[in-house]
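Observations on the three-dimensional arrangement
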Amino acid sequence: MAGKVTGSFTFESDTVRATSTGENVLVTVSAEATVEKRAPIDLVAVLDVSGSMGMAAAPPATKPSRLDLLKTAMNFIVRQLHDDDGLAVVAFSDKLVTDECITEITRISGDGRMFAETKVDELVAKGDTAFKPGLEHAVKILDGRMDKNRPGFILLLSDGMDNSEIKWDNDIMAAADPVRDLLRKYPVHTFGFGTGHDPKALYFIAWESHGTYSFIEESLSKITEAFAILLGGLITIVASDVVVDIRPSGDGAKVYEICSDVDKRSTFIIATTGRIKINNLYAGETKRFFARIEIPAAKGAQDKFELDGYIYYRDALALGGQTITAPFSKVTDRPQTSPVNPSYRALSWESLALWVVRKEVAKHEREFKGLKNIAWVNKDDEDEMKMARDEQNRAADMLLKTWEDLKRPFTTWGLGDKFYEEIGKGIQEMVSSLRRGSGLAYFYSWMSSYQMQRATTMGSPDKVVAKFLTPAMKAMVQEAQRLSIADDADVRGAAADNTLPVPRGLCAADLEWIDARINQAVAYAISQRRCCSSCVKQPHGRGSDGEVDADAG
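Cut-off values and rules
Residues numbered from 1 in each chain as written. Predicted model: local features only at pLDDT ≥ 70, side-chain atom pairs only at ≥ 80, totals over all residues. Heavy atoms only, no water. Helix = DSSP H or I, 4+ residues; strand = E, 2+ residues; numbered from the N terminus. Buried < 20%, exposed > 50% of the residue type's maximum accessible area, 1.4 Å probe, protein only. Contact = heavy atoms within 4.5 Å. Areas by Shrake-Rupley, 256 points an atom, 1.4 Å probe, with all protein chains shown as cover. Pairing = 2+ DSSP bridges. Right-handed = clockwise from strand over helix to strand, strands pointing away. 1 Å grid on protein atoms, 1.4 Å probe; cavity = no way out; pocket = protein on both sides within 12 Å on 5 of 7 lines; lining within 4 Å. Points joined across faces, edges and corners; volume = space filled by probe spheres on them. Nonpolar A, V, L, I, M, F, W, Y, C, P; charged D, E, K, R; others polar. Polar contact = N/O pair within 3.5 Å; in protein donor to acceptor, adjacent residues only side chain to side chain. Salt bridge = Lys/Arg side-chain N within 4 Å of Asp/Glu carboxyl O. Expected span 1.5 Å × (residues − 1). Core = buried A, V, L, I, M, F, W, Y, C linked by side-chain atoms within 4.5 Å. Patch = residues over 30% accessible without salt bridge, like charges linked within 9 Å, V, L, I, M, F, W, Y side chains within 5 Å. Lys, Arg positive; Asp, Glu negative; His and termini not counted. Charge placed at Lys NZ, Arg CZ, Asp CG, Glu CD. pLDDT = per-residue confidence, 0-100. Axes fitted to C-alpha atoms, helices over the stretch in contact; angles between N-to-C directions.

Describing the overall build of the chain
Looking only at helices and strands, one finds 13 helices and 16 strands in the chain. By residue count, 53% of the 553 residues in the chain fall in the buried class. Taking the intrachain contacts of the chain between residues at least 6 apart in sequence as the baseline, contacts between residues at least 24 apart amount to 74%. Carbon and sulfur atoms make up 50% of the accessible area of the chain, which amounts to about 25200 Å² in all.

Observations regarding the pairing of strand β4 (residues 86-92)
With 7 of 7 residues buried, β4 is to be regarded as a mostly interior element. On β4, burial covers both faces: Gly-86, Ala-88, Val-90 and Phe-92 on one face and Leu-87, Val-89 and Ala-91 on the other are all buried. One ladder, built from 7 bridges, connects strand β3 (residues 42-48) with β4; its direction is parallel. Looking at β4, one finds that Asp-42 is bridged to Gly-86. Of the crossover connections in this fold, the one passing from β3 over helix α1 (residues 66-80) to the parallel β4 is right-handed.

Focus on empty space enclosed by the protein
Going through the model one piece at a time under the given rule, you end up with 4 cavities of 30 Å³ or more. Approximately 80 Å³ is the volume found for the largest cavity. Among the elements of the structure, β7 (188-193) and α6 (223-234) are those that each provide at least two residues to the lining of the largest cavity. Per-element accounting of the lining of the largest cavity gives the leading share, 3 residues, to α6. Looking at the lining of the largest cavity residue by residue, the class counts come to 7 nonpolar, 5 polar and 1 charged.

Description of the side chain of Thr-129
Assignment of secondary structure puts Thr-129 in the loop between α2 (112-121) and α3 (131-143). Overall, the relative accessible area of 5% leaves Thr-129 in the buried class. A distance of 3.2 Å separates the side chain of Thr-129 from the side chain of Ser-50, its partner in a polar contact. Setting aside residues no more than four positions away along its own chain, Thr-129 makes contact with Asp-48, Ser-50, Phe-92, Ser-93, Asp-94, Ser-158, Met-161, Asp-162, Asn-163 and Ser-164.

Examining the layout of surface pockets
Taken as a whole, the second largest pocket holds about 890 Å³ of empty space. Forming the walls of the second largest pocket are 37 residues, and the residues nearest its centre are Leu-354, Glu-422, Tyr-450, Val-465 and Lys-467. Counting residues per element, the ones that place at least two in the lining of the second largest pocket are β13 (286-295), α7 (346-362), α10 (417-435) and α11 (441-452). Per-element accounting of the lining of the second largest pocket gives the leading share, 8 residues, to α10. Tallied by class, the residues present in the lining of the second largest pocket amount to 18 nonpolar, 7 polar and 12 charged.

A word on the pattern of salt bridges
Evaluation of the coordinates by the stated rule reveals 30 salt bridges. In this structure, Glu-218 engages Lys-463 in a salt bridge whose closest nitrogen and oxygen atoms are separated by 2.6 Å. Here the residue Glu-218 occupies a position in the loop between β8 (213-216) and α6, and Lys-463 occupies one in the loop between β16 (458-459) and α12 (471-497), the gap between them amounting to 245 residues. Lys-463 is the salt-bridge partner of Glu-429, the closest N and O atoms lying 3.5 Å from each other. Of this pair, Glu-429 sits in helix α10 while Lys-463 sits in the loop between β16 and α12, and the two are 34 residues apart along the sequence.

Notes on the environment of Gln-478
Tracing the chain through its elements places Gln-478 in helix α12. For Gln-478, a relative accessible area of 53% corresponds to the exposed category. For Gln-478 and Ile-229, which are 249 residues apart along the polypeptide, the C-alpha to C-alpha distance reads 9.9 Å.

Considerations on α3
Between its first and last C-alpha atoms α3 spans 18 Å; for 13 residues at 1.5 Å apiece the expected length is 18 Å, and the two agree. If you check which residues of α3 are buried, you get Phe-131, Gly-134, Leu-135, His-137, Ala-138, Val-139, Ile-141 and Leu-142.

Here we look at the environment of Ala-116
Note that Ala-116 resides in helix α2. It is 9.7 Å that separates the C-alpha atoms of Ala-116 and Arg-79, two residues lying 37 residues apart in sequence. Not counting residues up to four positions away in its chain, the partners in contact with Ala-116 are Val-78, Leu-87 and Ile-102.

Examining the nonpolar core
Core analysis: the largest hydrophobic core is formed by 112 residues, its most contacted members being Leu-135, Leu-157, Trp-168, Ile-223 and Phe-227. When neighbours within four sequence positions are excluded, Leu-135 is seen to be in contact with Val-46, Ile-154, Leu-156, Trp-168, Leu-182, Leu-183, Val-188 and Ile-205. If you look at the next biggest cluster of nonpolar residues, it comprises 30 residues, including Val-242, Val-244, Ile-246 and Phe-328.

Focus: a negative patch on the surface
A grouping of Asp-380, Asp-381, Glu-382 and Asp-383 is seen on the molecular surface, where their side chains present a negatively charged patch. Here Asp-380 lies in the loop between α8 (365-368) and α9 (382-410).

Things to note about the confidence of the model for the chain
Averaged over every residue, the pLDDT of the chain is 82; the share at 70 or more is 80%. Model confidence for the chain, summarised as mean pLDDT per element, is weakest for helix α13 (residues 508-528) at 51 and strongest for β7 at 98. A low-confidence stretch, residues 528-553 stays under pLDDT 50, and its non-local contacts, those more than four residues away or across chains, total 34 contacts.

Some thoughts on the side chain of Arg-38
Of note, Arg-38 is situated in the loop between β2 (20-31) and β3. Polar contacts involving the side chain of Arg-38 include one to the side chain of His-82, which spans 3.0 Å. There is a polar contact of 3.0 Å between the side chain of Arg-38 and the side chain of Asp-85. The contacts of Arg-38, once residues within four sequence positions are left out, are His-82, Asp-85, Ile-235 and Leu-317.

Brief notes about the sheet that holds β16
The mixed open sheet is built from 7 strands, whose spatial order is β5-β4-β3-β6-β7-β8-β16. Both outer strands of the open sheet, β5 (106-107) and β16, are each paired with one neighbouring strand and no more. Inspection of the sheet shows strand β6 (residues 152-158) paired to β7 by 5 bridges, in the parallel sense. Looking across to β7, one finds that Ser-158 is bridged to Gly-192. The sheet strands contacting α6 are β3, β6, β7 and β8, and the helix crosses β7 at an angle near 170 degrees.

What follows is the structure in structure tokens.
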């Protein structure tokens, strides 16, 4: 088995009320943090290679470009994937860039890793931006797999606005639009790269597909760490197609509402049973939901109330996608008269309060949709700049007022300081982002994180909801940081003694890649008859056609 999934119920108080039309029950679903063996995944990276990706990542410096940083981050993914994993790379601008694509899922084992790195290194920035061609091709690749039981995911990165006719907006796109069906096939985890991306569009794509929306704004070189957070989850998936049923026992008892941050397509009331669809679970993840249950009057002095739960999921490692059932239950006293001073559980109230905050913040989405990032405004137009800043300051004031209004009734709920610290920090970051003129990127990424109860990068890998980070995510970020420090040290050492940097942590695939590059250099030198093969000891650069240029440097 890939890992064990368990569930539990927490009632609002130690003893349920004698009669209730709204007993709140916290439903908790958890995947164990450690697994003996991980399940292979198939990942399609859909990468924006439009002209803006060739721009400098941190002007006025001309190097590295945004595309250079993306290549580094993608090669990190390639090297962290296991041999059994599959990868495809789809490059797009305003159309599919087929020459630079890996058009089918390629196993990382054998030559697959080197092939993927080569394709990534060959990416060139040019053209405009349109998301649909890349997403369509990614879905086609995953649909065409021989083994569809393997979990499939899409990673979409863009630094700009979609200039096609498609409006990536839930309020504008028709309910029956085929694009929605396209997005619902596989989770799409979206990444905004820099201040010029469209947070509203990338959030919508992630929300519709049950993926997450992250963005990097403060230091674009941190994109590798942002990818590491996602990858740390994907490669530790333990359960797919997770469904939770909540079944109250006894005549007249029924679930009548489920309070969930995910959209209504994922929660159902079937007769007296409540059902929640979770999609996938990573090792170490915990999901919490609220069910509101109608409970009939007690029939006797010693009456009990029982609530049964069933988790159905596909073991990510089982051949043929074996479905597993994990039952859980809770039995509590149900007196004929309600207790005078019930003992309330803080955990239930904190979780419910968090859900209330998220729902109230989400109500501002339509009011905020017209906000522009200051980076998009003509800086020579003082009136437009002032209008954009005033609008963002008003939005910041609205968010602060919402939070202050919510805190007042919360004082009677007995919430701990940790709750106020966690939520207050997120609200303040949103407000600061708006006052800086950064638009809605933080707002949407925060929403995405709490809706999916999953870590998202909110401007920087340092800005993540800590409780959603799994152990594997933390370890993967640390590895990305370690490699970044090692690379920086190698570059400094090379500059000091005029030698080439020594690669760290070489594996068999790395050695194969190096051998192939050396062979290419030798073949090139011989074909040009500029020097003998004994002169070419190390390739120094890359020509415009992707071949090693022995004369470069």
